[in-house]
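# Per-entry structural report
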Amino acid sequence: METIAVYWESRIRTYGFHLCEALRMCRIDISPERMAQWGQALQSMADQGPVFQVVWAQSGQGGTARFFLLSDETHWGRLTPFLDRQLAAGSVSVMGDPMRVDLVFLQGPHYGDRYGVLDFTLTPLIEAQIPILAVSCSVATIYLVLPTGWGGQAKALLTDAFEIPRHVRI
């Protein structure tokens, strides 16, 4: 016997919204045979401290993995030499110049168990005709990638749409 439960709220709660403006978004394609090498290099760099605001991957053409890396100006200086080394080693293909983007993200509670949270998030943005370049979701976090200059308006619309608790009951 299987039981399916759906939790629904007319106004979804979040812990708040975070805005990162004028990030650089870099797209990197990696062939399957280079994935292990890329993973080791990326882990080695990550062991030295944070570099990205967010990273996600999707399937690319011809079996490649397409990674998107978002980094602020402070960390871009570390990322550029790393990417240059990966290009020289033939591990990756960097696609075009990095695009400037804004990142708006929101967290929890328990979005993985709640139906319709992404739809609830996107609706006010679509109605306001805010361009959305990418959406990446984790269990309790939704990341929205927008062209530079649109993040503040998106955050304001979403702040009005969601319920943000102002205090915690103990």
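See the structure shown above.
The paragraphs below set out a description of the structure included in this document. The numbers attached to residues start from 1 for each chain and follow its sequence in the written order. In keeping with the predicted nature of the model, local features appear solely for residues at pLDDT of at least 70, side-chain atom pairs appear and are counted solely at 80 or more, and the whole-chain, interface and lining totals rest on all residues. Computation of side-chain values: all heavy atoms of the structure, hydrogens and water removed.

Moving on to the pattern of salt bridges. Criterion for a salt bridge: a side-chain nitrogen of Lys or Arg within 4 Å of a carboxyl oxygen of Asp or Glu. Counted under the stated rule, the structure contains five salt bridges. Overlapping salt bridges, with partners in common, bring together Arg24, Glu73 and Arg100 in one network.

Attention now moves to the pairing of strand β1 (residues 17-30). Paired strands are those between which DSSP finds at least two bridges. A helix here means a DSSP run of H or I that spans at least four residues, while a strand means a run of E at least two residues long, and both kinds are numbered starting from the N terminus. Relative to strand β4 (residues 93-107), β1 is paired through ten bridges, and the arrangement is antiparallel. Paired with Phe17 across the strands is Leu106, a residue of β4.

Turning our eyes to something else, we now look at the sheet that holds β4. One open sheet accounts for six strands, arranged β2-β3-β1-β4-β6-β5; its pairing is antiparallel. Lying at the two open borders of the sheet, with one neighbouring strand each, are β2 (54-59) and β5 (134-137). Strand-to-strand, the axes of this sheet are offset by a mean angle of 30 degrees, without reference to chain direction. Two strands pair when backbone bridges link them, and β2 and strand β3 (residues 65-71) are joined in this way by six bridges, in the antiparallel orientation. Bridge pairing in β3 places Ser59 opposite Ala65. As a rule, the C-alpha atoms of each element are fitted with a line to give its axis, helices using only the stretch in contact, and angles between N-to-C directions run from 0 to 180 degrees.

Here's how the labels work: a residue is buried when its accessible area is under 20% of the maximum for its type, exposed when over 50%, partly exposed in between, all with a 1.4 Å probe on protein chains only. Looking only at helix α4 (residues 151-161), the buried set comprises Gly151, Ala154, Leu158 and Ala161. An end-on view of α4 places all buried positions within 90 degrees of arc, on one side of the element. Contact definition: two residues touch when any of their heavy atoms are within 4.5 Å. Considering only its buried residues, α4 is in contact with β1, β4, α3 (117-127) and β6 (141-147). Summarising the geometry, the arc corresponds to the directions from the helix axis toward the C-beta atoms.

The next thing to look at is the packing of aromatic side chains. Each Phe, Tyr or Trp ring, with Trp reduced to its six-membered ring, pairs with another whose centre is within 6.5 Å; inter-plane angles below 30 degrees give stacked pairs, above 60 give edge-to-face pairs, and intermediate values give tilted ones. Taken as a whole, this structure holds six aromatic pairs when the rule is applied. A centroid spacing of 5.0 Å and a plane angle of 90 degrees characterise the contact between Phe120 and Phe162, whose relative ring orientation is edge-to-face. In this pair, Phe120 sits in helix α3 while Phe162 sits in the segment after α4, placing the two residues 42 residues apart along the sequence. For Phe162, a relative accessible area of 1% gives the class buried. These aromatic residues form a ring-pair network of at least three members: Phe17, Phe120 and Phe162.

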